[in-house]
Amino acid sequence: MKKMLIVTAVALLAFGMLFQTAIAVPPHPGARPLKVAVVVPASATDQGWNQMGADGVRVLQDKWHLTVEVAENQGYGDIKPVLRDLARKGFDLIIAHASGYQTMAPEVSAERDVRVSIVENPDAIKRGLVSNYEGEAQKGAYLAGVLAAKMTRRNVVGVVTSAEVPDWNRMTVGFMEGVHSVNPKIKLLYNVIGEAAYEDAAGGKRNTEAQIAAGADVIFGMGDGASFGIMKACEENKARDGGKVWFIDVIGDKSGIDSKKILLGSVLWRFDVIYEMMLIDIYAGRFGGDYRQTLENGGIELALYNEIPQDAMNALKQAREGIVSGRINVSNMPGTKEMRDYKKRLFR
Amino acid sequence: MWFLRMLFSEPFFVVLLGGTLTASTPIILAAIGENFVESGGVLNLGLEGMMLLGAFCSFIAALLTENIYIGLLAGMGAGVILGIFFGFLVIHLRINQIVAGLGVEIFVIGLTSLLHRVLFGSEFPVVADITAKTPIPFLSTVPYINSIFNQHVVTYISWALLPIAWWVLYKTNFGLNVRAVGENPVAADAHGVNVYRTRYMTLIFEGVLAGLGGAFLSICDLAFFVFHMTQGRGFIAIAIVMLAKWNPSKLFYGAFLFGVCHSLTFGLQILGLDVPREFILMLPYVAVILLLCILARNTKLPGAFCLPYERE
C-alpha cells in the first residue's frame, strides 16, 4: 500500500511537473491564432517602406496562422481613431508602421490595453504593451556607399531623399561613410525633395535630374513613392560622360520594373524578421522589447542587381565582414543637424 | 563666385530651366480652367482631385492601349465627369462650395488609391516608352535655352492656351457671359444668360484642362501612377489664379515663378550654399504667399464668388 502511495505520489509529481512545463512552454501558434494589424501611412503597394511593412506580416501569415489586417493610406495625421477601432476589433498586436505614429500608438495602447509596436521611440517601451523597432540600416547603406564609390566614373555621387527623418538620416550617414572609405575625394551631392515629400515622384525626378546635370553618375535614392521619380530620372538621362546613371534604392525591390538595367542594388529591409521575434515574445509572455533589424540577423541586407564588377564585389565582401566583425564601425546618426554637420566635415 | 559659375554652367542651367517649365505645365493647365470657373463665381477646391483622377485614368488608358494620346483623352474625360459631378453638387444641390470641393478631393485620393490597389495589387506597372519629348528643330539645339524647345507636346499646348483663354474670356460672348454670371448672376439671368449652363460649361472646361494636367504628370512627365501624386499642385493653381487676378494672360508668370522657385530648391541644394535647407524648401510657397499679400491685397473678387445661385 505504502509502495503504491509512493508510486502514485511520484506519478502525480511527475504529471504536475509535466503540466507546469506545458504551461511554461509557449503553445503551438496554431492553438490560438493571433490577430495582427499593421497600419501604414501610404499605399501598401509602393515597393518601399509601406509595402515592406505590410508584406512583413503577410509573409508570416501562414506560418503563424495569423489573422492579418493591413490599414493603408492612413496618412501622417491623427490615427488614434484607426488604432482604437483595431483595438475594439480585438487585435492582439497593432504594428504602427511609421515614425509619425510613435507617440499616438502608446497612448492608445495605455487607453485600450492593447499591444502595439512603434518605430523609433524606445523611450515608450512598456513591458507587455509597447515594443519598439528600428533598423540598423546605416550598415546596409554603408555597403551601398562602397558600391557607389566603386561604380562612379566621374567621382560624383548623389543622395536624393524625400525627407530628413531618422531612418533616412542614418542611411545617409552610412552611405557617406561607405563612399568616403573607398575614396575620400569623391564629391557627394545631397538633395531633399521636401519636408515630407514621400510621394512626390515628380519632385524626385527634378532633383535627380539636377544632380545628374551637376555630374553625378550614381544616385542613392530614399523616397517611398518619390523613389519611382528618382529611378525614372536615372533611366531617362545620360551621365555627363554619356554613360548610364546608376541607381541604388532602399527598403524594397524594384528590379521588376528596371527595364533600362540601371538598378545597381537596394538596401532591403526585411520586417518579417523582427515581426516574428515579436510574435515569439507574445507567446513567451515577454512582449515589450526593443527589436533591431541588422545585417547579422538578416533584417537588413544589400541586394545586388545587374552586373557588378568583381572589384566592387570584393570590396563589398570585405566591408560586410568588417561590419559584422566590428572592425568597421558605422555611425548611427538619426538627428538631422548632426547628419548635416557630419556631411560638411566628411566632404569639405 | 563659384556657385554662380556652377548655376550658369550650361548643363545645370538647361536642366533647371527645363525642369521649371515641365513643373509648371500641370499648374498652368489647371489654373486656366480654374480661372474660368472662378470668373463664373464658383470656387472649386476639388481641382486637385480633378488632376489626380485625370492622372489615374490617363495612366490606366495608356497602360491598356500603349497610346499616349488615348491616355490624355481619358484623363480629360475623367476631369469632365468629375467637373459635372462637382457642378451637380454646388450648382444644383447648392452645397457649400468649399465643403464640396474638399470632399471631392478627399474622395478622389481614396478612390484612386483603392482602384490602384484593386487593379494591380502589390504590383507597380509602368507605361513604357511613350513619354518622349517633342524637340523643335534648330531651336532645341541652341545652347542654354534648348530645354525650352525640348518639351512635351502638352507643355507647348499649355503655352498656346494662355492667350487663347484670355481671348475667350475677354473678347467673346461666352467669356462675357462667364464674367457676368460671376459678377451678378441675377442680372445675367435677367438678360437671358443661362447661369446654370454657363457655370456647368466652365466646370467642364476646367475638367478637360485639369484632367490633362494630371495626365501630363502621370504619363508625360513620369510613366506611372503614385498615390496622391499631385502633391498640392491643384491648390497652387488656385493661388496662382488669385495672383493673376483672374486674367489668364498673367497665369504664366505665377506658374513660372512657382516653377523657378521650385527649381531653385534643388539648384541651391546642389550648389551647397550655406543656407538652412528648411528655408530653401519653403521658398516656392513663401514666394506665392508674399506675392499674394502684395498683389492680391486689393483684389476685387467676382461679385457672386462662391455664392450659390437659385433662380426665382
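Residues numbered from 1 in each chain as written. Chains lettered and ligands numbered in written order. Predicted model: local features only at pLDDT ≥ 70, side-chain atom pairs only at ≥ 80, totals over all residues.

1. Digging into the overall build of chain A
Counted only if it meets this: Labels follow the DSSP assignment, with helices taken as runs of H or I lasting at least four residues and strands as runs of E lasting at least two, numbered in each case from the N terminus. Working definition of burial: number of other C-beta atoms within 10 Å of the residue's own, with buried at 20 or more, exposed at 12 or fewer, and partly exposed in between, all C-beta atoms being placed from the backbone. Residues are treated as contacting if the C-beta atoms built from their backbones sit within 7 Å of each other.
In terms of regular secondary structure, chain A is built from 11 helices and 12 strands. For chain A, the spread of C-alpha atoms along the three principal axes comes to 95 × 45 × 40 Å. Across the 348 residues of chain A, 52% fall into the buried class. Within chain A, contacts between residues separated by at least 24 positions form 70% of all contacts whose residues are at least 6 apart in sequence.

2. As for the interface of chain A and chain B
Worth spelling out the cut-off: Note on residue classes: Ala, Val, Leu, Ile, Met, Phe, Trp, Tyr, Cys and Pro are nonpolar, Asp, Glu, Lys and Arg are charged, and everything else, Gly too, is polar.
Each side of the interface is counted separately: chain A has 31 residues, and chain B has 31 residues. Put simply, the parts of the chain that give the side of chain A that touches chain B at least two residues each are strand 7 (187-192), helix 7 (201-213) and helix 8 (226-236) of chain A. A total of nine residues in the side of chain A that touches chain B trace back to one element, the largest contributor, which is helix 7 of chain A. Here the side of chain A that touches chain B is built from residues that sort into 11 nonpolar, 12 polar and eight charged.

3. Some points on the sheet that holds strand 8 (residues 218-222) of chain A
Pairing between the strands of a sheet comes from backbone hydrogen bonds, and it takes one of two forms, parallel or antiparallel. Residues and elements named next belong to chain A. Put simply, the rule reads: Note on pairing: DSSP must find at least two bridges between two strands before they are called paired. Only the contacting stretch of a helix is used when fitting its axis, a line to C-alpha atoms as for every element, and angles between N-to-C directions run 0 to 180 degrees.
In space, the six strands of this open sheet follow the order 7-6-8-9-10-12, with mixed pairing throughout. Single-partner strands in this sheet number two, and they are strand 7 and strand 12 (300-304). Looking at each pair of strands side by side, their axes are set apart by 15 degrees on average, direction ignored.

4. Focus: the domain arrangement of chain A
All names here are of chain A. As a reminder, the rule being used: An automatic or database domain assignment supplies the start and end points of every domain.
You can read the domains of chain A as domain 1 (29-135 + 271-293) and domain 2 (137-262 + 306-346). For domain 1 versus domain 2, the separation of C-alpha centres amounts to 29 Å. Taken together, the contacts link 12 residues of domain 1 with 14 residues of domain 2. Sorting elements by how many residues they give to the side of domain 1 that touches domain 2 places helix 2 (residues 49-61) first, with four residues. Of the residues in the side of domain 1 that touches domain 2, the class split is four nonpolar, six polar and two charged.

5. As for the sheet that holds strand 5 (residues 130-135) of chain A
Residue and element names in this part refer to chain A. Taken together, the six strands give an open sheet; going across it, the order is 2-1-3-4-5-11, and neighbouring strands pair in parallel fashion. Taken across any chain shown, the strands that pair with only one partner, and hence form the sheet edges, are strand 2 (67-71) and strand 11 (290-293). On average, each strand axis in the sheet is inclined to that of its neighbour by 20 degrees, with strand direction left out of account. Bridge count for strand 3 (residues 93-96) against strand 4 (residues 115-119) is three bridges, and the pairing is parallel. Each residue of the ladder has a partner; that of Ile95, found in strand 4, is Ser117.

6. Quick look at the confidence of the model for chain A
In regions of low pLDDT, the predicted coordinates are not meant to be interpreted in detail. All names here are of chain A. Where we set the bar: As a per-residue quantity, pLDDT reports the predictor's confidence and falls between 0 and 100.
When pLDDT is averaged along chain A, the result is 89; 91% of the residues meet or exceed 70. Per-element mean pLDDT across chain A ranges from 49 in helix 1 (residues 2-24) up to 97 in strand 8. Confidence drops under pLDDT 50 across residues 15-30; counting only partners more than four residues distant or on other chains, this segment forms eight contacts.

7. Section: unusual backbone geometry
Notably, Asn306 of chain A is not glycine yet its phi reads approximately 55 degrees, a positive angle. Tracing the backbone through its elements, the reader meets Asn306 of chain A in the loop between strand 12 and helix 10 (310-325). For Asn306 of chain A, a count of 13 C-beta atoms within 10 Å corresponds to the partly exposed category. In the Ramachandran plot, His228 of chain B falls in the positive-phi region, its phi being about 50 degrees despite a non-glycine side chain. By secondary structure assignment, the location of His228 of chain B is in the loop between helix 9 (195-221) and helix 10 (233-243). With 23 C-beta atoms counted inside 10 Å, the residue His228 of chain B sits in the buried group.

8. Focus: the nonpolar core
Considering soluble globular proteins, one finds that nonpolar side chains tend to be buried as a cluster. The following threshold applies: Nonpolar cores are identified as sets of buried Ala, Val, Leu, Ile, Met, Phe, Trp, Tyr and Cys residues joined via C-beta atoms within 7 Å.
Counting residues in hydrophobic clusters, the biggest one holds 199 residues, and the most contacted among them are Val39 and Ile94 of chain A together with Ile240 of chain B. When residues of this core are sorted by domain, at least three fall in each of domain 1 (29-135 + 271-293) and domain 2 (137-262 + 306-346) of chain A. Those residues in contact with Ile94 of chain A that sit more than four places away from it in its chain are Ala37, Val39, Leu83, Leu86, Ala87, Ala105, Val114 and Val116 of chain A.

9. Structural notes on the pairing of strand 7 of chain A
Within a regular strand, side chains alternate between the sheet's two faces. Residues and elements named next belong to chain A. Most of strand 7 sits out of view: five of its six residues are buried. As paired elements, strand 6 (residues 156-161) and strand 7 share six bridges and run parallel to each other. Within the sheet, the bridge partner assigned to Val157 lies in strand 7 and is Leu188.

10. Some details on the environment of Ala61 of chain B
All names here are of chain B. Here Ala61 lies in helix 3 (residues 47-65). With 13 residues separating them along the chain, Ala61 and Ala74 place their C-alpha atoms 6.3 Å apart. If we skip the residues at most four places from it in the chain, Ala61 touches Ile70, Gly71 and Ala74.

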